[in-house]
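Here is how the chains run, residue by residue.
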Amino acid sequence: MKLVLLGAPGAGKGTQAKKLIEKFGIPQISTGDLLRAAVAAETELGVQAKSFMDQGELVPDSVVLGMVEERLNQDDCQQGYILDGFPRNTVQAEALDDMLQSLGMDLDMALSVDVPLEDLMKRLTGRRTCRECGQMYNIYFSPPAEEGRCDKCGGELFQRDDDREETISKRLEVYNRQTAPLIDYYREKDILKSVNGTGGIDEIFANVLSTLGL
Ligand code: AP5
Ligand code: MG
Ligand code: ZN
């Protein structure tokens, strides 16, 4: 399965990708997660990326493309992968096509997770993530049993720096302007499918599986 997950910030790309990994064992390539790891490690790339991320802007294409190319060349990607949060604009989508062509790979599908704008703010301001295992929670929709602690591993929960209201508004604007046009891009290539991203997480996952024909 070689899949691109499309969707606005907070649509549930990461949540659904994690369920696909659990079930099929294929890697998730989240450019957001890779960038946040670089920021935390204070690498040169991370220092460069941080200011863009804190403002809700896209990190320059050259930074992201190098990162993705390196990741796609690793052994665990040869059987399939889920691209989460990449591509983010037409330049990245075209670069991905070129990369895959030279690796002799084809995308099977671009799956758009559709959630109305009015649901996204609460999902994002309420998100909390485990520092140890990456499990995601939401203080409004799926809170942990004990405030601030991960149910799975007891790790500390944190809030992403870019999940503040003003940054979220900017991210949504950037999504509409730069990323939403990719829906047409993949529709024209005849590999676009959509799922309704509202409702329970497991209910959405069932729809994802049936849309993937699994
Ligand atoms: P990135 O990390 O990709 O963030 P994003 O696209 O804004 O998306 P999110 O991760 O916020 O949302 P998600 O769809 O994964 O939702 P989730 O499952 O967590 O990018 C961050 C930044 O990095 C960008 O702004 C940019 O600066 C940079 N960047 C990344 N990739 C780049 C690229 N390719 N090029 C350039 N720059 C790039 O769910 C959200 C919340 O909702 C959680 O709390 C979850 O528990 C909850 N939730 C999920 N499903 C449901 C449900 N069904 N009902 C209720 N709550 C739900
Ligand atoms: Mg995510
Ligand atoms: Zn945890």
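As the structure is a computational prediction, the values presented were derived from the model and not from experiment. (Residues numbered from 1 in each chain as written. Chains lettered and ligands numbered in written order. Predicted model: local features only at pLDDT ≥ 70, side-chain atom pairs only at ≥ 80, totals over all residues. Heavy atoms only, no water.)

1. A few points about the packing of aromatic side chains
(1) Moving on: Taken as a whole, this structure holds two aromatic pairs when the rule is applied.
(2) Moving on: Ring geometry for Y140 versus F141: centroids 6.4 Å apart, planes at 70°, classification edge-to-face.
(3) Moving on: Using a relative accessible area of 52% as the deciding quantity, one classes F141 as exposed.
(4) Moving on: A cation over an aromatic ring shows up here: K19 above the ring of F205, its NZ or CZ 5.4 Å from the ring centre.
(5) Moving on: Stacked on the ring of Y140, the Lys or Arg K122 has its end atom at 5.0 Å from the ring centre. (Phe/Tyr/Trp six-rings, centres within 6.5 Å; stacked < 30°, edge-to-face > 60°. Buried < 20%, exposed > 50% of the residue type's maximum accessible area, 1.4 Å probe, protein only. Lys NZ or Arg CZ within 6 Å of the ring centre and 35° of its normal.)

2. So, the coordination of the zinc ion (ligand 3)
(1) Moving on: The coordination sphere of the zinc ion (ligand 3) contains the protein donors C130 (SG), C133 (SG), C150 (SG) and C153 (SG), at a distance range of 2.2 to 2.4 Å.
(2) Moving on: Classification of the site at the zinc ion (ligand 3) rests on its four donor atoms, whose angles at the metal span 98 to 118°, yielding the label tetrahedral.
(3) Moving on: Of note, the zinc ion (ligand 3) draws all its donor residues from one chain, in the sequence arrangement C-x2-C-x16-C-x2-C. Of the two residues, C133 sits in the loop between β5 (127-130) and β6 (136-138) while C150 sits in the loop between β6 and β7 (157-158), which places them 17 residues apart along the sequence.
(4) Moving on: Of the residues examined, C133 reaches a relative accessible area of 39% and is grouped as partly exposed.
(5) Moving on: The class for C150 is buried, based on a relative accessible area of 5%. (Donors = N, O, S within 2.8 Å, 3.2 Å for Na, K, Ca; no water. Tetrahedral: all angles 85-135°; square planar, octahedral: opposite > 155°, others 65-115°. Helix = DSSP H or I, 4+ residues; strand = E, 2+ residues; numbered from the N terminus.)

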